[in-house]
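Descriptive analysis of the structure
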Amino acid sequence: MQSQMKESDPILEVENLSASTDNLPILKGVSLAVYPGEIHAIMGRNGCGKSTLSKIIAGHPSYNITNGDIKFLGENINSLEPEERAQSGIFLGFQYPIEIPGVSNLEFLRVSTNARRKFLNKEELDTFDFEELVKEKLEIVKMDHAFLSRSVNQGFSGGEKKRNEILQMALLEPKIAILDETDSGLDIDALRIVASGIKKISNSQTGIILITHYQRLLDEIKPNYVHVMSDGQIIKTGESDLALELEKKGYEWTDNFIKET
Amino acid sequence: MVKENLVKDVVKEPYKYGFVTDIETEKIEKGLNEDIIRLISQKKEEPKFLLDFRLKAFKKWQKMKEPDWAGLGYEKIDYQDIIYYSAPKQKEKISSLDEVDPKLLETFDKLGIPLTEQKKLTNVAVDAVFDSVSIATTFREELAEHGVIFCSISEAVKNHADLIEKYLGTVVPASDNYFAALNSAVFSDGSFVYIPKGVTCPMDLSSYFRINSGDSGQFERTLIIAEESSSVSYLEGCTAPMFDTNTLHAAVVELIALDDASIKYSTVQNWYAGDEKGIGGIFNFVTKRGKCLGKRSKISWSQVETGSAITWKYPSCLLLGEESVGEFYSVALTNNLQQADTGTKMIHIGPKTKSTIVSKGISAGNSKNSYRGLVKIGTKATGSRNYSQCDSMLIGDQASANTFPYIKSQQPNSEIEHEASTCRISEDQLFYLQSRGIEFEEAVSMMVSGFCRDVFNQLPMEFAAEADKLLALKLEGSVG
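Note that the coordinates shown come from a computational prediction; the quantities given were computed from them, not determined experimentally.

For the rest of this paragraph, the subject is the overall build of chain B. Looking only at helices and strands, one finds eleven helices and 24 strands in chain B. A sequence separation of at least 24 residues applies to 83% of the contacts in chain B between residues at least 6 apart.

A separate point is the overall build of chain A. Check the secondary structure of chain A and you find nine helices and twelve strands. In terms of C-alpha radius of gyration, chain A reaches 18 Å, essentially the compact-globule figure of 18 Å for 261 residues. If one aligns the C-alpha atoms of chain A with their principal axes, the spans along those axes are about 60 × 40 × 40 Å. The long-range fraction of contacts in chain A, counting pairs at least 24 apart against all pairs at least 6 apart in sequence, stands at 70%.

Moving on, we get to the nonpolar core. Residue and element names in this part refer to chain B. Counting 206 residues, the largest nonpolar core has A128, V193, A226, A257 and I263 as its most contacted members. A per-element tally of this core places helix α10 (residues 440-456) first, with ten residues. Residue contacts for A226: discarding those within four places in its chain leaves I195, S231, V232, I256, A257, L258, A261, S262 and I263.

All right, on to helix α2 (residues 34-43) of chain B then. All names here are of chain B. Listing the buried residues of α2 in full gives I36, I40 and S41. Buried residues in α2, looked at end-on, bunch into an arc of 135 degrees, giving them a common side. For α2, the exposed residues lying more than 90 degrees away from the buried face are D35 and Q42. Where α2 is buried, its residues contact α3 (48-63) and α8 (178-186). Immediately downstream of α2, the backbone of E45 shows phi near 50 degrees, a positive value.

Attention now moves to the pairing of strand β12 (residues 233-238) of chain A. Judged from the five bridges that link them, strand β11 (residues 225-230) of chain A and β12(A) form a sheet pairing that is antiparallel. Along β12(A), the bridge assignment pairs V226(A) with G238(A).

Moving on, we come to the sheet that holds strand β2 (residues 24-34) of chain A. All names here are of chain A. Strand order in the open sheet made by the four strands is β2-β1-β4-β5, with antiparallel pairing throughout. At either margin of the open sheet sits one strand with a lone partner, and together these are β2 and β5 (75-76). Bridging between strand β1 (residues 12-21) and β2 involves eight bridges; their strand directions are antiparallel. Along β2, the bridge assignment pairs T21 with L24.

Further remarks concern helix α1 (residues 50-58) of chain A. Residue and element names in this part refer to chain A. Among the nine residues that make up α1, nine are buried, leaving the element largely enclosed by the rest of the structure. Taken as a whole, α1 has its buried residues at K50, S51, T52, L53, S54, K55, I56, I57 and A58. Positive backbone phi, approximately 95 degrees, marks G59, located one or two places after α1.

Taken together, the contact between chain A and chain B spans 21 residues of the former and 20 residues of the latter. Those elements giving two or more residues to the side of chain A that touches chain B turn out to be α2 (82-88), β7 (100-104) and α3 (105-119) of chain A. Residue composition of the side of chain A that touches chain B, grouped by class: twelve nonpolar, six polar and three charged.

The next point concerns the pairing of strand β22 (residues 385-394) of chain B. All names here are of chain B. Buried residues dominate β22, accounting for seven of its ten residues. Judged from the ten bridges that link them, strand β20 (residues 354-363) and β22 form a sheet pairing that is parallel. Residue S359 lies in a different strand from β22, and its bridge partner there is C390. Note that β22 and strand β24 (residues 415-424) share ten bridges and pair parallel.

All names here are of chain A. Read from one edge to the other, the open sheet built from six strands follows the order β6-β9-β10-β3-β11-β12, with strand pairing classed as mixed. Where the open sheet ends on each side, the last strands, each with one partner, are β6 (90-93) and β12. Ignoring which end each strand starts from, the neighbouring axes of this sheet average 20 degrees apart. In this sheet, strand β10 (residues 207-211) lies alongside strand β9 (residues 176-180) in parallel orientation, the contact comprising five bridges. If you follow I176 over to β10, its bridge partner there is G207. Together, β3 (39-44), β6, β9, β10 and β11 form the strand contacts of α1, whose direction differs from that of β9 by roughly 145 degrees.

With that settled, the discussion passes to the packing of α2(B) against α3(B). All names here are of chain B. Close contact between α2 and α3 brings their axes to 10 Å; oriented N to C, the two are set at 155 degrees. One way to sum up the angle between α2 and α3 is to call them roughly antiparallel. Helix-helix and strand crossings are classified by hand; for α2 and α3 the assignment is right-handed. When α2 is examined against α3, the residues E34, I37, R38 and S41 are found in contact with a partner set consisting of L50, L51, R54, L55 and F58. A class-by-class count of the residues in the contact of α2 with α3 yields five nonpolar, one polar and three charged.

Residues and elements named next belong to chain B. For chain B, per-residue confidence averages 85 on the pLDDT scale, and residues scoring 70 or more make up 89% of the total. Low pLDDT (under 50) marks residues 1-11, which in the prediction has 34 contacts with non-local residues, meaning those over four places away or in another chain. Interface confidence for the predicted complex, given as ipTM, is 0.94, next to a pTM of 0.81.

Let's shift gears to unusual backbone geometry. Trans is the common state for peptide bonds, and a negative phi is the common state for residues other than glycine. Residue and element names in this part refer to chain A. Positioned with a positive phi, L73 is a non-glycine residue whose angle comes to about 50 degrees. Within the secondary structure layout, L73 lies in the loop between β4 (64-72) and β5. One non-glycine residue, N153, adopts positive backbone phi at about 60 degrees. Among the structural elements, N153 can be located in the loop between β8 (151-152) and α5 (158-172). Take N153: there are 22 C-beta atoms within 10 Å of it, and that puts it in the buried class.

Turning our attention to the environment of F156(A). Residue and element names in this part refer to chain A. As for its placement among the helices and strands, F156 is situated in the loop between β8 and α5. Along the chain, F156 and P97 lie 59 residues apart, while their C-alpha atoms are 9.8 Å from each other. Among all residues touching F156, those that are not within four sequence positions of it are K161 and N164.

All names here are of chain A. In the contact formed by α3 and α5, the axes pass within 9 Å of each other and the chain directions differ by 35 degrees. Crossing of α3 over α5 shows right-handed handedness. On α5, the residues touching L109, S112, T113 and R116 of α3 are Q168, L171 and L172. Considering only residue class, the contact of α3 with α5 consists of three nonpolar, three polar and one charged.

Here K199(A) shows up in helix α6 (residues 188-201). Sequence-wise, K199(A) and I11(A) are 188 residues apart; in three dimensions their C-alpha atoms are separated by 18 Å.

Here we come to the environment of A136(B). Residue and element names in this part refer to chain B. Residue placement: A136 occurs in strand β4 (residues 133-137). Owing to 22 C-beta atoms within 10 Å, A136 belongs among the buried residues under this scheme. Between the C-alpha atoms of A136 and L318, which are 182 residues apart in sequence, the distance is 32 Å.

Conventions we followed
Residues numbered from 1 in each chain as written. Chains lettered and ligands numbered in written order. Predicted model: local features only at pLDDT ≥ 70, side-chain atom pairs only at ≥ 80, totals over all residues. Helix = DSSP H or I, 4+ residues; strand = E, 2+ residues; numbered from the N terminus. Contact = placed C-beta atoms within 7 Å. Rg over C-alpha atoms; globule rule 2.2 N^0.38 Å. Core = buried A, V, L, I, M, F, W, Y, C linked by C-beta atoms within 7 Å. Buried ≥ 20, exposed ≤ 12 C-beta atoms within 10 Å, placed from the backbone. Arc of directions from axis to C-beta. Pairing = 2+ DSSP bridges. Nonpolar A, V, L, I, M, F, W, Y, C, P; charged D, E, K, R; others polar. Axes fitted to C-alpha atoms, helices over the stretch in contact; angles between N-to-C directions. Parallel < 35°, antiparallel > 145°, perpendicular 65-115°, else oblique. Left-handed = near helix turned anticlockwise from the far one by under 90°. pLDDT = per-residue confidence, 0-100.

Set out below in structure tokens:
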């Protein structure tokens, strides 16, 4: 329905994607297209395959694509390494950002930013220039400079970890950002900071996929489309009011759609 | 999983220093007996006390048994099948570097240790040891102005016999262990350092040990004496060619620190480790020990052990002086079929002595990496303290890591802390870094150097960069 009459080409196209891990099928034919400037929300029960979909798009090695394609800017990326996908502009905001002891956050952010810049044929930044850039971006997520000298995510609170994710998104300036439950574990203030950060970073040329359980993030960032997933499939797609309806009626309501299909 | 296999592949890197220098050498015949020892001593024109020292050590060695408590697996060493003296043929007396065989200079050039006046490292004095002999020592005059003696131990035997006679074997007695006894009997060359009272050595001192010959062992001996209120930072590097046979390296290092003196001894050990099937490589059986004789003296060992087929090495501190301090910072990386059993002994004898142990073991491939350490607090060591931290990192699922801490305290009024951890580079951590555009290999090496940071921070600055690079190289390889 969404693919008709668009002026530009999609940033991301997922076509009839099936995938499994340890021979256990997780995705069973997911299709999705994200065009420039669009915000998509994916909702659904725990275990329905939302996080798996995001990891597969980012190239997680634990999953095998058994059928279908993932296209980014028109190119099939099924066999690209995760770092190649990231360099070309796919960003995954982790539900549980990983702690990396001993690796300084600043150095990690710099190496990461430079990998993306290199891909874009932009000059790589030395430590001084990077300091300048990162200072500017810290503002967006209202993070203290002290976070930079700590090890990546180590000892960060849940909210700090999520803000660190958005900081990375701000530095990497992705074409598409898939944010996996970025709102979970955030208090109201942190949620506002994160939401306003996401809005500042995105523009008419970028696409965003929000994976969430809660309406409160969607109150802050209004999606163009809402998809409901169940058992590895998108069972319903609607506009932003679908999320409101879902909030009222619960996922049980969506179970009827499965019966229908 | 796919990436698990890649992690195994990533720790492969061809050994850069595996070349052999084609040079005419003077070798004595294989085998070990009293005549051989007399011959070595004679070649080195040694005084009688040293010959006696050697012969006594040899007698002890003959009665000793090769230790097997470390549980290292290797083919029995045939001590009669080793050449105990091998030296490049040179003019009898070399008065300046210009007379050193250009091939030797070129060898050290290739190893990144230029020795010639024009190219030599500007802030480090180097003693270059090739097989059994010291080739050259740089900056000698400059050091002499400060009263610092830095020369080969053979030279010290000739020119500073009193110091040698007074201190040699006082920290590591010949009877200490099997390999120390062997070294005491046949040691060929090594470095000697003497820092006079009150002098802070104006530059870092460094020895570079190169094994070139395949069938001879290297038995170097190093002695460092820091007089009252003096200090020195000493670095040691090691490489060897790739041979498909094993070469024995059994060194002894003795450090002596008097009142308020401090010695920092750093090693980057990159002997040839053998190939991925475990063929060839150096057997590295080393005894390193420092004696904090004086009050408030300090001895600090830092080591980055990446090479050798077998490493058996426990740089230790005898803390005799009141308030003396011993430190041990270690990174040991093993890969393929390498085996490392390394750690330290901190023997607290004097009151209010303090020791710190930080050990990081990284095991990849099918390797075996063990920390073995002893902290002993004696009856007189009131108010003494030890802190130990032993962390292991596993890469892949075939490697093993062990920690064997021994703690003996005979002094209730003392504190001993021990922390240990084991971690594995997880697929999730790698994916996280990769999903930020960081290449797989770089991700692994970032995590490994992050893991080692506490130790790298202890290394002299240039060395730290080199160590970081060395680990990255060892971890670099064919991905996918």
